[in-house]
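Here is what each chain is made of, one letter per residue.
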Amino acid sequence: MSVKAVFVLLVPLFGLALAQREPSLEVMSALKELQPRYREIQDYAINQLTEARLNSSQVIFNFHTDVLTSKDQYVRNTIEEELGVLMILDRQPETVDRTCLGFVRSSVDMNVNLVGVSYTNCIVRVDDSLAGIVSEFYKTIQQDESQYTGSGLFGVFRGENIFHAPAELMKKLSEKLEELRENPTFIVTELFDMIVEFEQELKEVKTGYDECLEDGMQLLRSVLEIARTQVAQVCLGQLEEPIPTTTVAA
């Protein structure tokens, strides 16, 4: 048989084989059409998640600011309360027992240091709570992001054969393309709700922190009131500055 005859025979066979595998090639075409949608959806999701991260960053910044504001105020209030008693001690007449006043002064200093321990415990609890809440929030964000990375693009081939049953693959790809035709706008609402919940959890931590600080302050005020009583009743001192008398010339 001549080469020309062989070529003439092969052309129809090649055409027949190509026609037979056309559905397989259609599967590849459909896959190539589907691929960009994964990229578009992933970009959309990442943009929304990035905005959520930025919003959460602002929430954390606001939380830090609120906690620092509370701590600053309570520290200043503590110093003011201490100063009120120290001024009473400093203005006592010379006749008042200095040793007794020294004991009261030491007690005041010790109790201010103790409230400092209380304040430390308060803010350490805040730090622990913040770490847990933030970790859980970002873990959820990470899980949401992984849903839109295109990891399911090739999953349609699982258990399928592109040559044996291309129609089944085409069906799966068509369904997948229909699913991905619209951007997952619902994640905007979900992320908003997550941020609101995140912020609410931190507000609850802040409320607990303020209550903890106030408990410490109330204890301090109680012991400082005892210190005032000790000045008057134990040391026989004065709680009020004596009012200077004025003599009117006759």
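Everything numeric here is computed off the predicted structure, so don't read it as measured data. (Residues numbered from 1 in each chain as written. Predicted model: local features only at pLDDT ≥ 70, side-chain atom pairs only at ≥ 80, totals over all residues. Heavy atoms only, no water.)

Peer 1: Before we move on, can you summarise the overall build of the protein with the specific residues and values?
Peer 2: Counting its regular elements, the protein contains five helices and zero strands. Counting helices and strands in the order they occur from the N terminus, the protein gives α-α-α-α-α. In the protein, which comprises 250 residues, the proportion classed as buried is 30%. A total accessible area of about 16500 Å² is found for the protein, and carbon and sulfur atoms account for 58% of it. (Helix = DSSP H or I, 4+ residues; strand = E, 2+ residues; numbered from the N terminus. Buried < 20%, exposed > 50% of the residue type's maximum accessible area, 1.4 Å probe, protein only. Areas by Shrake-Rupley, 256 points an atom, 1.4 Å probe, with all protein chains shown as cover.)

Peer 1: Any chance you could break down unusual backbone geometry for me, citing the residues and the numbers?
Peer 2: One non-glycine residue, L236, lies in positive phi territory at about 60°. Judged by its relative accessible area of 66%, L236 falls in the exposed class.

Peer 1: Let's hear about the packing of aromatic side chains: which residues, and what values?
Peer 2: What the rule picks out here adds up to three aromatic pairs. Each ring, one from Y74 and one from Y119, has its centre 6.4 Å from the other, and the planes form 75°; the classification is edge-to-face. With Y74 in helix α2 (residues 22–90) and Y119 in helix α3 (residues 98–146), this residue pair connects regions lying 45 residues apart in the sequence. Of the two residues, Y74 and Y119, neither departs from the other in class, the shared state being buried. Plain terms: the ring middles of F137 and Y138 are 5.2 Å apart, the flat faces sit at 80° to each other, and that makes the pair edge-to-face. Using a relative accessible area of 6% as the deciding quantity, one classes F137 as buried. Under the relative-accessibility criterion, Y138 is labelled partly exposed at 28%. In this structure an aromatic cluster arises from ring pairing among F137, Y138 and F198. (Phe/Tyr/Trp six-rings, centres within 6.5 Å; stacked < 30°, edge-to-face > 60°.)

Peer 1: Would you mind going over the side chain of E82 in detail, with residue names and values included?
Peer 2: On the secondary structure map, E82 appears in helix α2. One buried charged residue, E82, remains without a salt bridge, the closest side chain of opposite sign being R105 at 8.0 Å. (Lys, Arg positive; Asp, Glu negative; His and termini not counted. Salt bridge = Lys/Arg side-chain N within 4 Å of Asp/Glu carboxyl O.)

Peer 1: An account of the packing of α2 against helix α4 (residues 166–179) is requested, with residue identities and associated values reported.
Peer 2: At a closest axis distance of 9 Å, the pairing of α2 and α4 adopts a crossing angle of 20°. The orientation of α2 with respect to α4, classified from their angle, is roughly parallel. Crossing geometry of α2 relative to α4 is assigned as left-handed. Along the contact surface, α2 presents P23, S24, E26, V27, A30, L31, E33, L34, R37 and Y38, while α4 presents P166, L169, M170, L173, K176 and L177. Partitioned by chemical class, the residues of the contact of α2 with α4 number eleven nonpolar, one polar and four charged. (Axes fitted to C-alpha atoms, helices over the stretch in contact; angles between N-to-C directions. Parallel < 35°, antiparallel > 145°, perpendicular 65-115°, else oblique. Left-handed = near helix turned anticlockwise from the far one by under 90°. Contact = heavy atoms within 4.5 Å. Nonpolar A, V, L, I, M, F, W, Y, C, P; charged D, E, K, R; others polar.)

Peer 1: Summarise the nonpolar core; cite the residues concerned and give the values.
Peer 2: One recurring pattern in soluble globular proteins is that nonpolar side chains are buried together. Of all hydrophobic cores here, the largest spans 41 residues; its most connected members are F63, L89, V104, V108, I141, F198 and L202. Of all elements in the fold, only α2, α3 and α5 (186–233) reach the threshold of two or more residues within this core. Other than its neighbours up to four places away in sequence, L89 contacts L101, V104, R105 and V231. Counting residues in each nonpolar core, the second largest holds 13 residues, with A30, L34, V156 and L180 among its members. (Core = buried A, V, L, I, M, F, W, Y, C linked by side-chain atoms within 4.5 Å.)

Peer 1: Hey, could you go over the environment of L239 for me, with residue numbers and the actual values?
Peer 2: Among the secondary structure elements, L239 is positioned in the segment after α5. With a relative accessible area of 32%, L239 lands in the partly exposed category. Distance from L239 to Q92, taken between C-alpha atoms, is 8.4 Å for residues 147 residues apart in sequence. Discounting residues that sit within four places of it in the chain, L239 has contacts with I88, R91, R228, V231 and A232.

Peer 1: Please give an account of the pattern of salt bridges that cites residues and values.
Peer 2: All told, the structure shown has nine salt bridges when counted by the stated rule. With a shortest N-O distance of 2.4 Å, E40 and R37 are connected by a salt bridge. Residue E40 and its partner R37 are both found in helix α2; the two are separated by three residues, about one turn of the helix. Ionic pairing is found between R221 and E81, a salt bridge with its closest N-O pair at 3.1 Å. Here the residue R221 occupies a position in helix α5, and E81 occupies one in helix α2, the gap between them amounting to 140 residues. The class of R221 is partly exposed, set by a relative accessible area of 31%. Taken together, the shared-partner salt bridges connect E81, E214 and R221 into one network.

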